[in-house]
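Residue strings, one per chain:
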Amino acid sequence: MTTAATPLPYSPGLEGVIAGPTSISKVDSQRCSLVYRGYDVQALVEAATYEEIAYLLFHGELPNQTALSTFRQLLASHRELPPPVLAAIQSFPKTVHPMDALRAATALMALHDADVEDNSPEANLRKAIRLTAQFPTAIAAYYRASADKSYIAPSSSPDVSHAENFLRMMSGESPTPLSVKVFDMTLICYAEHGFNASTFAARVTASTESDLHSAVISAIGALKGPLHGGANEEAMKMLLEVGTVEKARTWMETALAEKRKIMGFGHREYKFGDPRARILKRVGKDLGEQLGQPHWDAMAAALEEVMLAEKSIHPNVDFPTAYIYYMLGLPIPVYTPIFALARIAGWSAHVMEQMAHNRLIRPKALYEGVSFRPFVALAERG
Ligand code: COA
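Remember, it's a predicted structure, so these values are computed and weren't measured experimentally. (Residues numbered from 1 in each chain as written. Predicted model: local features only at pLDDT ≥ 70, side-chain atom pairs only at ≥ 80, totals over all residues. Heavy atoms only, no water.)

## Some words on the overall build of the protein
To be explicit about the condition: For the purposes of this entry, the term helix denotes a DSSP run of H or I that reaches at least four residues, the term strand denotes a run of E that reaches at least two, and both are numbered from the N terminus. Between the two quantities, the radius of gyration covers C-alpha atoms and the globule rule is 2.2 Å times the number of residues to the power 0.38. Each residue is placed in one exposure class: buried if its accessible area under a 1.4 Å probe, protein chains only, is under 20% of its type's maximum, exposed if it is over 50%, and partly exposed if it falls in between.
Broken down by element type, the protein carries 16 helices and three strands. Against the globule reference of 21 Å for 382 residues, the protein gives a C-alpha radius of gyration of 22 Å, in line with a compact fold. Projected onto its principal axes, the C-alpha coordinates of the protein cover approximately 75 × 55 × 45 Å. Burial statistics for the protein: of 382 residues in total, 51% are counted as buried.

## A short note on helix H6 (residues 121-146)
Counted only if it meets this: Between the first and last residue of a helix there are one fewer steps than residues, each counted as 1.5 Å, and that sum is the expected span. Note on bend: at a given residue it equals the angle between the axes fitted to the 7 residues ending there and to the 7 starting there.
Compared with the 38 Å implied by 1.5 Å per residue over 26 residues, the 36 Å span of H6 between its first and last C-alpha is a close match. For H6, the principal kink sits at Gln134 and spans about 35°; a proline, Pro136, occurs within the next four residues. For H6, the buried fraction is high: 21 of the 26 residues fall into the buried class. One or two steps after H6, the chain reaches Asp148, where phi turns positive at roughly 55°.

## A short note on the pattern of salt bridges
As a reminder, the rule being used: Put simply, a salt bridge is a Lys or Arg side-chain nitrogen that is within 4 Å of an Asp or Glu carboxyl oxygen.
The final tally for this structure, using the stated rule, is 19 salt bridges. The partner of Asp148 in a salt bridge is Lys94, and the shortest N-O contact between them spans 2.5 Å. Of this pair, Asp148 sits in the loop between H6 and helix H7 (162-171) while Lys94 sits in the loop between helix H4 (83-91) and helix H5 (98-111); the two residues are 54 residues apart in sequence, bridging distant segments of the chain. Owing to a relative accessible area of 60%, Asp148 belongs among the exposed residues under this scheme. For Lys94, a relative accessible area of 46% corresponds to the partly exposed category. Here Lys224 and Asp100 are joined by a salt bridge, their closest N and O atoms 2.9 Å apart. Taken together, the residues span a long stretch of sequence, with Lys224 in the loop between helix H10 (212-223) and helix H11 (231-242) and Asp100 in helix H5 at a distance of 124 residues. Given the relative accessible area of 32%, Lys224 is considered partly exposed.

## What to know about the site of the ligand
Stated precisely, the cut-off is as follows: Throughout this document, a residue counts as near a molecule or strand when at least one of its heavy atoms sits within 4 Å of that molecule or strand. Here a polar contact is recorded for every N or O atom pair within 3.5 Å, except that within protein the pair must consist of a potential hydrogen donor and a potential acceptor, and residues adjacent in sequence are included only if both atoms are side-chain atoms. For the accessible areas, the method is Shrake-Rupley and the probe is 1.4 Å, while residue cover comes only from the protein chains on display. Each residue is assigned to one class: nonpolar for Ala, Val, Leu, Ile, Met, Phe, Trp, Tyr, Cys and Pro, charged for Asp, Glu, Lys and Arg, and polar for all the others, Gly among them.
Near the ligand, the surroundings consist of 19 residues, among which Ile262, Gly264, Phe265, Arg268 and Asn316 are the closest. Here Arg268 contributes a side-chain N or O atom positioned 2.9 Å from an oxygen atom of the ligand. Within the side chain of Asn316, one N or O atom sits 2.9 Å away from an oxygen atom of the ligand. Protein contact buries 65% of the 850 Å² of open area that the ligand shows by itself. Class assignment for the residues of the shell around the ligand results in eight nonpolar, five polar and six charged.

## A few points about unusual backbone geometry
Unusually for a residue other than glycine, Asp148 sits at a positive phi of about 55°. A positive phi angle, near 65°, is found at Glu209, a position not held by glycine. In this structure, Glu209 sits in the loop between helix H9 (197-207) and H10.

## Comments concerning the packing of aromatic side chains
We count it as follows: Stacked, tilted and edge-to-face are the three classes assigned to paired rings of Phe, Tyr and Trp, where Trp is represented by its six-membered ring and a pair needs centres within 6.5 Å; plane angles under 30 degrees give stacked, over 60 edge-to-face, the rest tilted.
Summed over the entire model, instances satisfying the criterion amount to eleven aromatic pairs. With a centroid separation of 6.2 Å and 50° between ring planes, the pair formed by Phe92 and Tyr142 is classed as tilted. Taken together, the positions of Phe92 in the loop between H4 and H5 and Tyr142 in helix H6 put the pair 50 residues apart, joining distant regions of the chain. As far as burial versus exposure is concerned, Phe92 and Tyr142 are alike and both buried. Measuring from ring centre to ring centre gives 4.7 Å for Phe265 and Phe319, while their planes differ by 50°; the resulting arrangement is tilted. Highlighted residues: Phe265 in the loop between helix H12 (245-257) and helix H13 (275-291) and Phe319 in helix H15 (residues 318-327), separated in sequence by 54 residues. Since its relative accessible area comes to 0%, Phe319 is described here as buried. Among the aromatic residues, those joined into a cluster by ring pairs are Phe166, Phe183, Tyr325 and Tyr335.

## Observations regarding the sheet that holds strand S2 (residues 33-36)
Filter applied, for reference: Strands were regarded as paired on the criterion that DSSP finds at least two bridges between them.
Read from one edge to the other, the open sheet built from three strands follows the order S1-S2-S3, with strand pairing classed as antiparallel. A strand with exactly one partner marks an edge of an open sheet, and here the two such strands are strand S1 (25-28) and strand S3 (39-40). Both S2 and S3 contribute to a ladder of two bridges, which runs antiparallel. Counterpart to Tyr36 in the pairing with S3 is Tyr39.

Here it is in structure tokens:
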């Protein structure tokens, strides 16, 4: 007598499933908190820089002054792209999405990276640092080429921060200290977030003992979607569609009545609020006041109020980031690449962690197709 096997648990979208251990960050849904290597992200945003966070994610500890200087020098010395990669980026079609350009640029970076096939921890760290240093250059180079603007080379000075270097390469002008600070804060919030879709995609690729560049390319593809990183661009388009503070409430009521998905709202993990959105909302409000553009925060607040009252759904990190980037004068199509520019640190840390304690990631599928049936020869098929 055969007994039916007990069905294995199944959770659509892997919701609530623990897919593996990590020591890199803790996403606490109940407390609405996010911790990188034990440090609350709020404290990191207030007092640290993106370079310190990238170091923390890669090495597990915050750098002391000497280690930070060395790390900044290393990043600055790798900002230039290999000339054939730069030339190729400048020849990409001008109309493709910058995430597609970044994905292709990363594939080209792999072709010119002598360590590409070396999965040792030392080589992975070298590759992670190069990708972190070169993503801003690749994104800015494609943006300027696609907008028929001349290329602005990265600064090789470690005194020019990661944030300042990117803003300079985008606009060709020296950004204000306020812009640099605010942009850096958003990079810290975007740097890492547990087993989100793009990081998980990177870990799946890494688990096959592929290579770091391939894992990062998987992650870029996953991040592009509007349910993930693509939401910051869509959120800004929505704010522009709303238009004014006065129209915000009615706009949201109508959108919800039409069952529209509101970009920049909702989160698989944070059902009671996204800590990064709370941090950046305050940053966005202050920035708006200082720049004489308080209407973005006011519009966002009106939209949030209706969403919360009607659906109990909170804004996520992509909502305040959208209007912060808009106020910083950044073009909307680079918002998701900026997310990648920051998240490369988290992705790389996860690839290194996966490879250090690897087990192939290969879940089961719940088969819902036709059950077993006899084969029908070609001549007998109607
Ligand atoms: N706008 C409108 N309704 C939303 C919503 C949003 N942004 N987010 C969730 N909901 C609704 C769903 O339609 C669903 O309603 P229902 O029960 O009546 O069908 C309910 O809230 C539960 O949502 P669900 O889709 O199960 O949540 P999830 O955990 O699967 O989805 C997201 C999380 C992020 C995919 C989802 O909130 C979303 O699509 N948000 C917009 C995209 C976005 O901002 N992404 C960036 C995330 S950082």
